[in-house]
Amino acid sequence: MGAGVFIPHDCSTGQCDTCRVRIYDGSVDDRGTRRGDTVLACQARVVSDAVIEFDSVPEPIKVSAILTGIKPLSSEILELSIGLQRSLPFLPGQYVKCSFAGFPYRDYSPTQRVDGTGAIDELIVHVRRLRDGVVSSRLGTGIRIGHKVTVHGPFGSAFHRMGEGRIVLVATGTGWAPVWAIARASRFRQPSREMVVIAGARAVEDLYMRDSLAWLADTGVRTAIATASGLSHQDGNAVMVGRVTDHVPVLNAADTVYAAGNPSMVAAIQALCQMAGATCHSDPFTASQAKPSIRRRLLSFLRREAADPASNPTAGPHT
Ligand code: FES
């Protein structure tokens, strides 16, 4: 949009969702980016006088840092602690770009440890280790404690906002990182706001967020559930059978939904929100990769579901 107004942005190519703005009035050519009454400002064109709104967010900065901790949370998820040389303000749910010296940037969502702890001068992030991941496969070998890191951010529009109505949080894999940050912020800032939290993985042993779900339940969240798509029957340990999408409640226009994790799951949640008129916030994380449209991702999700109901890849962006 070219009205001389600075709007927070990152990729400028329609990939990262950082520049999503709300249209209150006027005509805007959304160029296929409309979600509810929002569009991506880096792609849309104003075709008449228009009234738009965007949230004020911390300005992105670059901060030098050191890797201070690597801890396995499950067979495939690692928790990294990154000590910052100065603070880097961000909103719960936003993401940052981290470059370990000698390695390319990767997007990670700062969060708290699964027990809720964290310090102002450190970032806690979750990384899914992939055997052929350029960065993740080197954690603990080519990238060790003491490795230099450059952190750039924050970015993203899927951050916690105060509001009315129910808040519904859905995550798979390392998508738990932003969702956990948002859930805690909401419990502290609006403890009486109704919340539903659904976290999923393929296998029970990859549900590394179960202690966090227990904390949410202790603070009064009545629906804070873990699901495993690889389970064929209820195993008696409070894990539900199926995909997270099997357990999303019937949505309504007053709901605010955050979804993070598997891109096909996120697309399915976005489609459910669109049908219900609910507000949906989700960041794609994979700013460096070309991504298919929501419709194509949704179609691929539905096709996979039809072909193999047991498959639920939890591939996260943080590799
Ligand atoms: S800056 Fe518009 S989508 Fe990334």
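Engineer: Quick rundown of the overall build of the protein chain? Include the residues and the values.
Structural biologist: Along the backbone of the protein chain there are 4 helices and 17 strands. Residue burial in the protein chain is summarised as follows: out of 319 residues, 53% are buried. Taking as baseline every contact in the protein chain between residues at least 6 positions apart, the subset at least 24 positions apart corresponds to 69%. When the accessible surface of the protein chain is split by element, carbon and sulfur atoms take 51% of a total near 14,200 Å².

Engineer: Would you mind going over the packing of aromatic side chains in detail, with residue names and values included?
Structural biologist: Inspection of every chain in the model, using the stated rule, returns 4 aromatic pairs. An angle of 50° between the planes, with centres 5.8 Å apart, marks the rings of F188 and W215 as tilted. You can see F188 sitting in helix α1 (residues 176-189) and its partner W215 sitting in helix α2 (residues 210-218), a full 27 residues away along the chain. Overall, F188 belongs to the exposed group, its relative accessible area being 56%. By the ring-pair criterion, three or more aromatic residues cluster together here, those being W176, W180, F188 and W215. Above the ring of F155, the side-chain terminus of K97 is found at 5.5 Å from the ring centroid. One Lys or Arg, R161, reaches over the ring of F159 and ends 3.9 Å from the middle of that ring.

Engineer: So, the environment of Q112: which residues are in play, and what are the values?
Structural biologist: Turning to its location among the elements, Q112 is positioned in the loop between β9 (106-108) and β10 (122-128). Along the primary structure Q112 and P178 are separated by 66 residues, whereas in three dimensions their C-alpha atoms are 9.3 Å apart. Among residues more than four places away in sequence, those in contact with Q112 are T117, I124, H126, W180, A181 and R184.

Engineer: Talk me through the packing of α1 against α2; I want residue IDs and the actual numbers.
Structural biologist: Where α1 contacts α2, the two axes come as close as 11 Å, and the packing angle between them is 15°. As summarised for this structure, α1 and α2 are arranged roughly parallel, according to the angle between their axes. When the axes of α1 and α2 are compared, the crossing they make is left-handed. Along its contact with α1, which presents W176, W180, A183, R184, R187 and F188, the element α2 presents S212, L213, W215 and L216.

Engineer: Could you give an account of the pattern of salt bridges, naming the residues involved and the relevant values?
Structural biologist: Under the counting rule described, the total for this entry stands at 12 salt bridges. A salt bridge links R161 to D55; its shortest N-O distance comes to 3.1 Å. Within this pair, whereas R161 is found in the loop between β11 (148-155) and β12 (167-172), its partner D55 is found in the loop between β5 (51-53) and β6 (61-72), the two being separated by 106 residues in sequence. With its nearest N and O atoms 3.0 Å apart, the salt bridge here joins R113 to E122. A residue is classified by how much of its surface remains accessible, and R113, at 21% relative accessible area, is partly exposed. Classification of E122 by relative accessible area gives buried; the value is 17%. Linked by salt bridges that have partners in common, D10, K97 and D107 make up one network.

Engineer: Got a sec to walk through the sheet that holds strand β13 (residues 195-201)? Specific residues and values, please.
Structural biologist: In spatial order, the strands read β15-β14-β13-β12-β16-β17; together these 6 strands make up an open sheet with parallel pairing. The open sheet has two edge strands, β15 (239-241) and β17 (279-281), and neither has a second partner. Sheet twist, expressed as the average angle between the axes of neighbouring strands with direction ignored, equals 25°. Relative to strand β14 (residues 223-228), β13 runs parallel, the two sharing 6 bridges. Along β14, the bridge assignment pairs V197 with A224. Sheet strands touched by α1: β12, β13 and β16 (256-260). Its angle to β12, the strand with the most contacts, is close to 155°. Against the sheet, α2 makes contact with β13, β14 and β15, and its axis sits at roughly 160° relative to β14, the strand it touches most.

Engineer: Lay out α2 with the relevant residues and their values.
Structural biologist: Along α2, the positions that sit buried rather than exposed are S212, L213 and L216. Viewed along the axis of α2, the buried residues span an arc of 100°, placing them on a single side of the element. Pointing more than 90 degrees away from the buried face of α2 are the exposed residues D211 and D218. Contacts made by the buried residues of α2 are with α1, β13 and β14. Just past α2, the residue G220 takes up positive phi, approximately 110°.

Engineer: Summarise the nonpolar core; cite the residues concerned and give the values.
Structural biologist: Core analysis: the largest hydrophobic core is formed by 29 residues, its most contacted members being L169, W176, M195, V197, L213 and L216. Contributing elements (two or more residues each) for this core: β12, α1, β13, α2, β14 and β16. The leading source of residues in this core is α1, at 5 residues. A domain-level breakdown of this core finds at least three residues from each of domain 2 (61-155) and domain 3 (167-284). Beyond its immediate stretch of four places on either side in the chain, M195 contacts I167, L169, A183, S186, R187, L216, V221 and T223. Among the nonpolar cores identified, the runner-up in size contains 21 residues, and L80, L84, V96 and Y108 belong to it.

Rules of the game
- Residues numbered from 1 in each chain as written.
- Predicted model: local features only at pLDDT ≥ 70, side-chain atom pairs only at ≥ 80, totals over all residues.
- Heavy atoms only, no water.
- Helix = DSSP H or I, 4+ residues; strand = E, 2+ residues; numbered from the N terminus.
- Buried < 20%, exposed > 50% of the residue type's maximum accessible area, 1.4 Å probe, protein only.
- Contact = heavy atoms within 4.5 Å.
- Areas by Shrake-Rupley, 256 points an atom, 1.4 Å probe, with all protein chains shown as cover.
- Phe/Tyr/Trp six-rings, centres within 6.5 Å; stacked < 30°, edge-to-face > 60°.
- Lys NZ or Arg CZ within 6 Å of the ring centre and 35° of its normal.
- Axes fitted to C-alpha atoms, helices over the stretch in contact; angles between N-to-C directions.
- Parallel < 35°, antiparallel > 145°, perpendicular 65-115°, else oblique.
- Left-handed = near helix turned anticlockwise from the far one by under 90°.
- Salt bridge = Lys/Arg side-chain N within 4 Å of Asp/Glu carboxyl O.
- Pairing = 2+ DSSP bridges.
- Arc of directions from axis to C-beta.
- Core = buried A, V, L, I, M, F, W, Y, C linked by side-chain atoms within 4.5 Å.
- Domains from an automatic or database assignment.

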